[in-house]
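Summary of structural features
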Amino acid sequence: MDPVPPAHSLRRAPIQQRSADRLARILDACAELLDETGYENLSTRAVALRAGVPIGSVYRFFGNKRAMAIALAHRNLDHYADGIADRLADLPATDWRPVVDAVLDEYLTMKRSVPGFALVDFGVPAPPPDGPEADPNHLVAARLTELLCAHLGLTPDATLERAVLVAVEATDALIQLAFRADPAGDPGIVAETRAMMHAYLSRVLD
């Protein structure tokens, strides 16, 4: 069963497995159509048709396409965190650099393979979020700080949280550049991004 998006992004949270499966089909259809039509041309009716559900089923969960895309973004973030956790399970806690590499590598894997991720990774294209708590990169940084601290045995503090947020913002911009230059992600820019992450985070993790 796919993770259920946070209740605040849904009109009604699924209770039964059948409803959860229907919600997953709706989000899968949303992701596929994002790749095909873009966000501006995405419609709840098209999503319902692709998912094979009545339009009322879509509106049972979502008031509009933005709410649906936000739920997809939350699901992406849950999958991202799960993927990182799987990678970290095979890594020792004695060196932070492979851990940071795992964070980047999981993002690259999702960028290359997850439907709709190019347009809706961990946040929707527009309008801008209301406050830091709604900003996608703040959410990503908070989740990454939690994962890093748990694996490396660190205690989170304001300095580390700020450094992870800055690293997330910088990496986000550079990976966007890499994928504009090459649909698979320009290897040279990806390598520079990795070097930047190591150099910057060494200030707080060494």
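Scope of this entry: the structure provided in the associated data block. (Residues numbered from 1 in each chain as written. Predicted model: local features only at pLDDT ≥ 70, side-chain atom pairs only at ≥ 80, totals over all residues. Heavy atoms only, no water.)

Some points on the packing of helix α6 (residues 136-152) against helix α7 (residues 158-181)
One can describe the packing of α6 onto α7 by two numbers: an axis separation of 9 Å at closest approach and a directional angle of 125°. Taken together, the axis directions place α6 and α7 in an arrangement best described as oblique. Considering how the two elements wind past one another, α6 and α7 form a crossing that is right-handed. Only Leu160, Glu161, Val164, Leu165, Val168, Glu169 and Asp172 of α7 make contact with α6, whose side of the interface consists of Asn137, His138, Val140, Ala141, Leu144, Thr145, Leu148 and Cys149. (Axes fitted to C-alpha atoms, helices over the stretch in contact; angles between N-to-C directions. Helix = DSSP H or I, 4+ residues; strand = E, 2+ residues; numbered from the N terminus. Parallel < 35°, antiparallel > 145°, perpendicular 65-115°, else oblique. Left-handed = near helix turned anticlockwise from the far one by under 90°. Contact = heavy atoms within 4.5 Å.)

Topic: the layout of surface pockets
Considered as a void within the structure, the largest pocket measures approximately 480 Å³ in volume. Those elements giving two or more residues to the lining of the largest pocket turn out to be α5 (96-113), α6, α7 and α8 (187-205). The leading source of residues in the lining of the largest pocket is α7, at 6 residues. Taken together, the residues that form the lining of the largest pocket break down as 19 nonpolar, 4 polar and 4 charged. (1 Å grid on protein atoms, 1.4 Å probe; cavity = no way out; pocket = protein on both sides within 12 Å on 5 of 7 lines; lining within 4 Å. Points joined across faces, edges and corners; volume = space filled by probe spheres on them. Nonpolar A, V, L, I, M, F, W, Y, C, P; charged D, E, K, R; others polar.)

Topic: α7
Here α7 spans 35 Å end to end across 24 residues, near enough to the 34 Å set by a 1.5 Å rise per residue. Buried within α7 we find Leu160, Ala163, Val164, Leu165, Ala167, Val168, Thr171, Asp172, Ile175, Ala178 and Phe179. The N-terminus of α7 is capped by Asp157, whose side-chain oxygen sits 3.2 Å from the backbone nitrogen of Thr159. (Expected span 1.5 Å × (residues − 1). Buried < 20%, exposed > 50% of the residue type's maximum accessible area, 1.4 Å probe, protein only. Polar contact = N/O pair within 3.5 Å; in protein donor to acceptor, adjacent residues only side chain to side chain.)

Some words on the packing of aromatic side chains
In this description, an aromatic ring pair is defined by two values, namely the gap between the centres and the angle between the planes. Per the counting criterion, the structure on display carries 6 aromatic pairs. Between the aromatic rings of Phe117 and Phe122, the centroid separation amounts to 5.4 Å while the plane-to-plane angle is 85°, which identifies the pairing as edge-to-face. Here the two residues Phe117 and Phe122 agree in accessibility, since each one is buried. Clustering of aromatic rings is evident, with ring pairs tying together Tyr80, Tyr107, Phe117 and Phe122. The ring of Tyr39 carries Lys65 above its face, with NZ or CZ at 4.7 Å from the centroid. Lying across the ring of Phe179, Lys111 places its NZ or CZ 5.5 Å from the centre. (Phe/Tyr/Trp six-rings, centres within 6.5 Å; stacked < 30°, edge-to-face > 60°. Lys NZ or Arg CZ within 6 Å of the ring centre and 35° of its normal.)

A short note on the side chain of Asn137
Positionally, Asn137 belongs in helix α6. Side chain to side chain, Asn137 and Asp172 meet in a polar contact 3.3 Å long. Discounting residues that sit within four places of it in the chain, Asn137 has contacts with Leu165, Val168, Glu169 and Asp172.

What to know about the nonpolar core
Generally speaking, soluble globular proteins have nonpolar side chains that are buried together. By size, the foremost hydrophobic cluster in this structure holds 37 residues, and its most contacted members are Tyr80 and Leu144. Among the elements of the structure, α4 (65-88), α5, α6, α7 and α8 are those that each provide at least two residues to this core. Excluding residues within four positions of it along the chain, Tyr80 makes contact with Val103, Glu106, Tyr107, Met110, Phe122, Val140 and Leu144. In this structure, Cys30, Ala48, Ala67 and Val124 belong to the second largest nonpolar core, which totals 26 residues. (Core = buried A, V, L, I, M, F, W, Y, C linked by side-chain atoms within 4.5 Å.)

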